[in-house]
Amino acid sequence: MDPLTLASKREDAAQDSSKRRDILNGARHVFRAHGFDGASMGDIAKAASVSKGTLYVYFDSKEALFRALIDVDRRDAAERL
């Protein structure tokens, strides 16, 4: 793979990681404010400043998003300890 393609792939991965982090932060805010049942994917997308389509690219359901959020928060808590 040429260096230009490799650099482009790294940039895409960084943007994906940043967008995923934005989604998780938005989801955290909405879940805390409204609970799981009261949170909608539309509210989460709005809080994360992404479209619902983008949200579904990263997470196929509200349950998958909630699981990912729990995993991230558990990992962060373990690192702090």
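Described in the following lines is the structure provided in the data block. Quick caveat, the model's predicted, so the values are computed rather than measured.

## Quick notes on the nonpolar core
Membership of the largest hydrophobic core comes to 17 residues, with the highest contact counts inside it found for I23, L24, F31, I44, L55 and L65. Listing elements by their share of this core, those giving two or more residues are helix 1 (3-38), helix 2 (41-48) and helix 4 (62-80). The biggest single contributor to this core is helix 1, with 5 residues. When near neighbours in sequence (up to four residues on either side) are disregarded, L55 contacts I23, M41, I44, A45, V50 and L65.

## Notes on the pattern of salt bridges
Scanning all chains against the criterion turns up 1 salt bridge. In this structure, R28 and D73 form a salt bridge, with 2.6 Å as the shortest nitrogen-oxygen distance. Separated by 45 residues along the polypeptide, R28 in helix 1 and D73 in helix 4 bring together distant segments of the chain.

## Notes on helix 2
Among the residues of helix 2, M41, I44, A45 and A48 are the ones counted as buried. Projection of helix 2 onto a plane perpendicular to its axis shows the buried side chains occupying an angular sector of 100 degrees, all on one side. Of the residues flanking the end of helix 2, it is S49, one or two places downstream, whose phi is positive at about 60 degrees.

Rules of the game
- Residues numbered from 1 in each chain as written.
- Predicted model: local features only at pLDDT ≥ 70, side-chain atom pairs only at ≥ 80, totals over all residues.
- Heavy atoms only, no water.
- Core = buried A, V, L, I, M, F, W, Y, C linked by side-chain atoms within 4.5 Å.
- Buried < 20%, exposed > 50% of the residue type's maximum accessible area, 1.4 Å probe, protein only.
- Helix = DSSP H or I, 4+ residues; strand = E, 2+ residues; numbered from the N terminus.
- Contact = heavy atoms within 4.5 Å.
- Salt bridge = Lys/Arg side-chain N within 4 Å of Asp/Glu carboxyl O.
- Arc of directions from axis to C-beta.

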